[in-house]
Amino acid sequence: MAAALYGAPAKAASRDPLPLPDEKLRGKDPEKYWKQIRDEQFLLPEWRAFLNNGSLGIAPRPVVKTVADFLYSSAALEMDWYPRWGYEALDEHRAELASFYGCKAEELAFTHNATEALCMIAGGIDLKEGDEIVMTNLEHPSGRGCWYTKAARHKLHVREVTLPMPPKSPEQVADLMTSAIGPRTKVISFSGIISPTGWVLPVREICRYARSKGVISVVDAAHMHGQVAMKMSDFECDYLAASPHKWAYAPAGSGMLYIREENLERLWPTIVSGGWDNTKMKAGRFMNVGTNNRAIVEGAMAGLRFLKQIGPEHVYARIHELSRYVVQQAKECPHVDVMTPADDRMFGALVCLKFKTKNLEKLGKLVSARRIWVAVGEQVRVSTHIHTRRQDIDLYFKTIREALG
Ligand SMILES: Cc1ncc(COP(=O)(O)O)c(C=O)c1O
């Protein structure tokens, strides 16, 4: 009624979740299916071209509703338990996550983001003076900072492996990373998807080799959950940190820490309250971090269910296809070089572009005037997710051409 009065589109009038489009439509008319997903499942306005999940994703309606409902019902104290997390192990939530990740519930802990999980890992591993940590030269500041502070404090050595720009194949990267492991190396810590470039690294090959040498492997999977398949059983890593608020529809402030079973008693907890030494709690011991917003965790779970409902394989097929479209457009654009490897295994839904000019002021202005949400700089990543339209990508490249002549 109000929608009709004020001329607002009916869909925008209600913020409640709507049923997913009929699956048959995906096969019959994929563009229509994904458009319907964007229009009905997300709150994105028509005029927004959002191309930066890499920094922070957006929550779809079912997630927003879950968070809001939880806040309302907890303010009304409708439940008979404390509406929080921080002193609770949330076993059922972790079990649901674990069945998706191919690990045990006892190996998972909720955190606020990948940064926190990485700090918990680096802070909790015992290392001594002279020990070495191997990483790539392209780690995110959160993947570097956690090790460099530890190195400064305990006189450790950090060895950075310079990756080619761009690499040729996962085999080349695996070879470079594993051959950097030397007699002093105790830890190898690297991003499963490289932050500034979006390259997908061969996680299993690197972790398996590290394991064979008795080296602890740490995977910064901030970009993985929701973008590519992320099965711990496939990865064979010791520790992993994730940020489901990037690609897995979770509200901001959602993170995850994975601790391989054999390390549960080895890792020291760094943010502690009671139970810090209760190893029977398994990874739950790492969740006694003080009172926290449970609505966010409930939202993250709603995000996981949304992903499962659409189907991670369909999500990947769509977002990867859109990324290929970005690559194709970029190759036809005279102003950029593509820094994404040609090897299809090396990218998911992030394409890295390098501008041929440093003079990007006009582009910055035009991008923001046209409401295109993308970083502007000499080297940028373009993200494609299920809410991305081909027209968003077209608009971006049209804008580059207009701004740079
Ligand atoms: C590879 C990588 N690691 C860690 C982070 C930090 O993630 P968060 O801010 O969610 O902790 C990012 C953020 O972009 C990232 O790209």
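Reading guide: rules and limits
Residues numbered from 1 in each chain as written. Predicted model: local features only at pLDDT ≥ 70, side-chain atom pairs only at ≥ 80, totals over all residues. Axes fitted to C-alpha atoms, helices over the stretch in contact; angles between N-to-C directions. Helix = DSSP H or I, 4+ residues; strand = E, 2+ residues; numbered from the N terminus. Parallel < 35°, antiparallel > 145°, perpendicular 65-115°, else oblique. Left-handed = near helix turned anticlockwise from the far one by under 90°. Contact = placed C-beta atoms within 7 Å. Nonpolar A, V, L, I, M, F, W, Y, C, P; charged D, E, K, R; others polar. Domains from an automatic or database assignment. Near = placed C-beta within 6 Å. Pairing = 2+ DSSP bridges. Buried ≥ 20, exposed ≤ 12 C-beta atoms within 10 Å, placed from the backbone. Arc of directions from axis to C-beta. pLDDT = per-residue confidence, 0-100. Right-handed = clockwise from strand over helix to strand, strands pointing away.

1. Comments concerning the packing of helix α14 (residues 312-331) against helix α16 (residues 390-404)
Stage number 1. Between α14 and α16, the least distance of the axes is 11 Å, while the angle of their chain directions is 20°. By the criterion of interaxial angle, the relationship of α14 to α16 is roughly parallel. The hand of the α14/α16 crossing is right-handed. Between α14 and α16, the contacting residues are Leu 322, Tyr 325, Val 326 and Gln 329 on the first element and Arg 390, Ile 393 and Phe 397 on the second.
Stage number 2. For the contact of α14 with α16, a count of residues per class yields 5 nonpolar, 1 polar and 1 charged.

2. Comments concerning the domain arrangement of the chain
Stage number 1. Entries for the chain in the domain assignment read domain 1 (2-56 + 311-404) and domain 2 (74-306).
Stage number 2. On a C-alpha basis, the centres of domain 1 and domain 2 stand 28 Å from each other.
Stage number 3. Across the contact, 20 residues belong to domain 1 and 20 residues belong to domain 2.
Stage number 4. Of all the elements in the fold, those that place two or more residues in the side of domain 1 that touches domain 2 are α14, β10 (350-355) and β12 (379-383).
Stage number 5. Here the side of domain 1 that touches domain 2 takes 3 residues from β10, the largest share from any one element.
Stage number 6. Among the residues making up the side of domain 1 that touches domain 2, the classes are represented as 11 nonpolar, 6 polar and 3 charged.

3. Here we look at the site of the ligand
Stage number 1. For the ligand, the full set of nearby residues is Asn 113, Ala 114, Thr 115, His 140, Ser 142, Gly 143, Ser 191, Ser 195, Asp 220, Ala 222, His 223 and Ser 243.
Stage number 2. Here the residues of the shell around the ligand sort into 2 nonpolar, 9 polar and 1 charged.

4. Quick notes on the pairing of β10
Stage number 1. Looking at chain direction, strand β9 (residues 336-338) and β10 are connected through 3 bridges and run antiparallel. Its bridge partner lying in β10, Asp 337 is registered against Lys 354.

5. What to know about helix α10 (residues 203-212)
Stage number 1. Every buried residue of α10 is accounted for by Val 203, Ile 206, Cys 207, Tyr 209 and Ala 210. Projected onto a plane normal to the axis of α10, the buried residues spread over an arc of 160° and lie on a single side.
Stage number 2. Residues of α10 that are buried make contact with α9 (170-179), β5 (185-191), β6 (216-221) and α11 (232-235).
Stage number 3. Within two residues after α10, Gly 214 carries a phi angle of roughly 70°, on the positive side.

6. Overview of the confidence of the model for the chain
Stage number 1. Mean pLDDT over the chain: 95, with 96% of residues reaching 70 or higher.
Stage number 2. Here residues 1-10 is a poorly scored stretch, pLDDT under 50, and it has 5 contacts once near neighbours within four places are set aside; other chains count.

7. As for the pairing of β5
Stage number 1. With 5 of 7 residues buried, β5 is to be regarded as a mostly interior element.
Stage number 2. In the sheet, strand β3 (residues 132-136) pairs with β5 via 3 bridges, with the strands oriented parallel. In the strand pairing of β5, Ile 133 is matched with Val 187.
Stage number 3. Two elements, β5 and β6, share 5 bridges in a ladder whose sense is parallel. Of the residues in β6, the one forming a bridge with Ile 188 is Ser 217.
Stage number 4. Running through α10, the crossover from β5 to the neighbouring parallel element β6 is right-handed.

8. Some points on the sheet that holds strand β8 (residues 255-259)
Stage number 1. Strand order in this open sheet of 7 strands is β2-β8-β7-β6-β5-β3-β4, and the pairing throughout is mixed. Every interior strand has two partners, whereas the edge strands, β2 (108-111) and β4 (157-161), have only one. Mean inter-strand twist for the sheet, computed between neighbouring axes without regard to direction, equals 20°.
Stage number 2. Direction of pairing for β3 relative to β4: parallel, over a ladder of 5 bridges. Note on β4: the bridge partner recorded for Met 135 is Glu 160.

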